[in-house]
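# Observations on the three-dimensional arrangement
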Amino acid sequence: MSTPLLIMIIITALLLVALLVLFLVGRKAKKKQDAQKEQIDAMKQTVSMLIIDKKRMKLKDAGLPQAVVEQTPKLMRRAKLPIVKAKVGPQILSLVCEEKIFDSVPVKKEVKASVSGIYITEVKGLHGKAAEIPKKKQGFMKRFTEKLQEKGGAKPLK
């Protein structure tokens, strides 16, 4: 066998092994995530609260209980999380918000929220209209590809 062919076979075998390992790790992480989601759904309660402030900040700067900071993995302590300061009854609490609803949480408004421990999973406006989420500005490449798709007929016109 020639040397380049042997190198290609070895590289292909290594890529296949790496792909298999990633697949198995991903499947295991998915099972773990589903179990956590099930546990959060079982413990959630609906609470009326006044949202004071919302920010993305590091876990140690968020004002969460020390037990929560100690239980989190070391790599997650440096990551920025969506934190919501809210007045629940007479207390002012710092709560962690779910990433996908963080932008829709209204500031300085009273809301009904589904809370599981210190984790906000769902928010509904209590008084007044729900604030619209401002659309993010599109980049040049995104606008360019949309124009090309419209001209080519792949995307319906607005």
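Now for a quick tour of the structure. Starting from 1, residues in each chain are numbered consecutively following that chain's sequence as written. Owing to the predicted nature of the model, reporting of local features is limited to residues with pLDDT of at least 70; listing and counting of side-chain atom pairs is limited to 80 or more, with chain, interface and lining totals taken over all residues. To obtain the side-chain values, all non-hydrogen atoms of the structure were included, while hydrogens and water were left out.

Turning our attention to the side chain of T72. Numbered from the N terminus, helices here are DSSP runs of H or I no shorter than four residues, and strands are runs of E no shorter than two. Assignment of secondary structure puts T72 in the loop between α2 (66-71) and α3 (74-78). There is a polar contact of 2.8 Å between the side chain of T72 and the backbone oxygen of V69. Side-chain atoms alone can form a polar contact between residues adjacent in sequence; in general such a contact is a pair of N or O atoms within 3.5 Å, and within protein one must be able to donate a hydrogen while the other accepts it.

One non-glycine residue with positive phi stands out, namely K108, at about 60 degrees. The topology assignment puts K108 in the loop between β3 (91-97) and β4 (110-116). A simple rule labels every residue: compare its accessible area, found with a 1.4 Å probe on the protein chains alone, to the largest value its type can have, and call it buried under 20%, exposed over 50%, or partly exposed in between. Residue class for K108 comes out exposed when judged on its relative accessible area of 65%.

This brings us to the sheet that holds β3. Strands pair in a sheet through their backbones, by hydrogen bonds, and they do so in one of two ways: parallel or antiparallel. For two strands to pair, DSSP has to find at least two bridges joining them. Reading around the barrel, the 5 strands line up as β1-β2-β3-β5-β4 and close back on themselves, with mixed pairing between neighbours. Neighbouring strand axes in the sheet, compared pairwise and without regard to direction, differ in orientation by 50 degrees on average. Inspection of the sheet shows β3 paired to strand β5 (residues 119-125) by 2 bridges, in the parallel sense. In the sheet register, V96 faces β5, and the bridge partner there is Y119. By definition, residues are in contact when any of their heavy atoms lie within 4.5 Å. Helix axes are fitted only over the stretch in contact, all axes being lines through C-alpha atoms; the angle between N-to-C directions runs from 0 to 180 degrees. In the packing of helix α1 (residues 3-43) onto the sheet, contacts are made with β1 (45-58), β4 and β5, and the angle to β4 comes to roughly 125 degrees.

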